[in-house]
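Geometric and topological summary
Each chain, written out:
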Amino acid sequence: MTKLLAALTLLSPISPLLAKETEIEKPKNTAILPVSRMKEKWWKKRHESFNKKAAKPHDLLFIGDSITHYWNRDADDLWKKYYAPRKALNLAISGDRTEHVLWRLDNGNLKNQQNAKVAVIMIGTNNTGHKEQPAAETAAGITAIVNQVKAACPKAKILLLGVFPRAWKATDKKRKLNIAINGIIAKLHDGERIHYLDLSEKFLLENGDLNKELVPDGLHPKAAGYKVWAESMEPKLKE
């Protein structure tokens with residue numbers, strides 16, 4: 001009888017062994033799991049160039065994706081005017097998602113930046129664009145980046161920018177995802193170390209459409225867009 005009861009227990013729906021075998025693994029949030037793009041030669045080269053530049057301290061750090069990367073491609077004159085005199089370092093790479101930034105910051109990009117004064121962070125639009133990742137997941141990745149910068153640069157104030165609007169219409173799914181991301185990360189603002197700033201309205205027309213004169217491809221600002229960005233951010237950056 002004892003052996004029979006033991007056998008029935010193993011076959012029972014509540015058997016720990018059976019439950020373990022049938023347990024469904026919950027999907028992981030890839031936005032918070034550091035991943036490199038080292039197999040892409042140009043990416044590897046840019047990442048390694050950051051590590052060389054980070055051997056020297058900088059006062060102002062910019063962290064992000066192509067939108068920040070292209071300061072030096074499409075608005076270098078503005079960069080030289082506003083940021084170069086402030087010992088700025090552009091730590092942005094086109095195509096990066098939050099997970100790629102996390103990996104880079106973990107692998108040398110913030111070396112010797114413990115005395116940085118300000119870090120400007122804008123990231124997340126590629127999590128939206130590449131995979132339409134849920135806003136909460138992307139926001140968790142952004143939060144992880146903010147925490148990483150806080151730890152590596154203990155003296156720096158963080159200017160966290162809302163993810164810029166993308167797509168022509170306010171009804172576009174990707175636009176809505178970025179808006180949702182911003183609604184979450186805005187709560188990171190504490191007025192002390194973290195300062196949230198949403199410049200989205202600066203790039204939109206009155207009807208909510210994206211201004212093609214500032215963002216002609218629906219995603220990346222051109223010179224006129226970078227001018228709006230610089231001028232709109234300047235008061236907060238000075239503060």
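As a starting point, this report considers the structure included with it. (Residues numbered from 1 in each chain as written. Predicted model: local features only at pLDDT ≥ 70, side-chain atom pairs only at ≥ 80, totals over all residues. Heavy atoms only, no water.)

Check the secondary structure of the chain and you find eleven helices and five strands. Within the chain, the proportion of its 239 residues that are buried is 48%. Nonlocal contacts in the chain, meaning residues at least 24 apart in sequence, comprise 79% of its contacts between residues at least 6 apart. (Helix = DSSP H or I, 4+ residues; strand = E, 2+ residues; numbered from the N terminus. Buried < 20%, exposed > 50% of the residue type's maximum accessible area, 1.4 Å probe, protein only. Contact = heavy atoms within 4.5 Å.)

Next up on the list: the sheet that holds strand β5 (residues 194-197). Strand order in the open sheet formed by five strands is β2-β1-β3-β4-β5, with parallel pairing between adjacent strands. Pairing within the sheet leaves two strands with one partner each, and these edge strands are β2 (88-92) and β5. Sheet twist, expressed as the average angle between the axes of neighbouring strands with direction ignored, equals 15°. By the bridge criterion, five bridges tie strand β1 (residues 60-64) to strand β3 (residues 118-122) in an arrangement that is parallel. Within β3, the residue paired with Gly 64 across the bridge is Met 122. Contacts between helix α9 (residues 135-152) and the sheet are confined to β1, β3, β4 (157-161) and β5, with β4 contributing the most and set at about 160° to the helix. On top of the sheet, helix α11 (residues 223-238) reaches β1, β3, β4 and β5; it is set at about 145° to β4, its chief contact. (Pairing = 2+ DSSP bridges. Axes fitted to C-alpha atoms, helices over the stretch in contact; angles between N-to-C directions.)

One pass over the structure, following the stated rule, counts twelve aromatic pairs. Seen in terms of ring centroids, Trp 79 and Tyr 83 are 5.3 Å apart; in terms of plane orientation they differ by 65°. Their pairing is edge-to-face. Overall, Trp 79 belongs to the buried group, its relative accessible area being 7%. Centre to centre, the rings of Phe 164 and Phe 203 are 4.7 Å apart; their planes meet at 40°, and the pair counts as tilted. In this pair, Phe 164 sits in the loop between β4 and α10 (173-185) while Phe 203 sits in the loop between β5 and α11, placing the two residues 39 residues apart along the sequence. (Phe/Tyr/Trp six-rings, centres within 6.5 Å; stacked < 30°, edge-to-face > 60°.)

Now for the nonpolar core. Counting residues in hydrophobic clusters, the biggest one holds 32 residues, and the most contacted among them are Leu 61, Ile 121, Ile 142, Ile 145, Val 149 and Leu 160. Apart from residues lying up to four places away in sequence, Ile 145 is in contact with Thr 98, Val 101, Leu 102, Leu 105, Ile 121 and Ile 123. Counting residues in each nonpolar core, the second largest holds 30 residues, with Trp 79, Leu 159, Phe 203 and Met 233 among its members. (Core = buried A, V, L, I, M, F, W, Y, C linked by side-chain atoms within 4.5 Å.)

Before going further, it helps to examine the pairing of β2. Of all five residues in β2, five are buried; the element is thus mostly enclosed. Alternating residues of β2 divide into Ala 88, Asn 90 and Ala 92 and Leu 89 and Leu 91, and every residue in both groups is buried. Taken together, the five bridges between β1 and β2 define a ladder with parallel strand orientation. Bridge pairing in β2 places Leu 60 opposite Ala 88.

Relative placement of two packed helices is described by the angle separating their axes and the distance separating the axes. At a minimum axis distance of 10 Å, the contact between helix α3 (residues 41-53) and helix α7 (residues 98-106) shows a crossing angle of 45°. In terms of their interaxial angle, α3 and α7 are classed as oblique. For α3 against α7, the interelement crossing comes out right-handed. In contact with Trp 43, His 47 and Phe 50 of α3, α7 contributes His 100, Trp 103 and Arg 104. Here the contact of α3 with α7 is composed, by residue class, of three nonpolar, two polar and one charged. (Parallel < 35°, antiparallel > 145°, perpendicular 65-115°, else oblique. Left-handed = near helix turned anticlockwise from the far one by under 90°. Nonpolar A, V, L, I, M, F, W, Y, C, P; charged D, E, K, R; others polar.)

Attention shifts here to the side chain of Arg 37. Among the secondary structure elements, Arg 37 is positioned in the loop between α2 (16-22) and α3. At 2.9 Å, the side chain of Arg 37 forms a polar contact with the backbone oxygen of Ser 94. Of note is the side chain of Arg 37, whose polar atom sits 2.7 Å from the side chain of Asp 96. The contacts of Arg 37, once residues within four sequence positions are left out, are Trp 42, Trp 43, Ile 93, Ser 94, Gly 95, Asp 96 and His 100. (Polar contact = N/O pair within 3.5 Å; in protein donor to acceptor, adjacent residues only side chain to side chain.)

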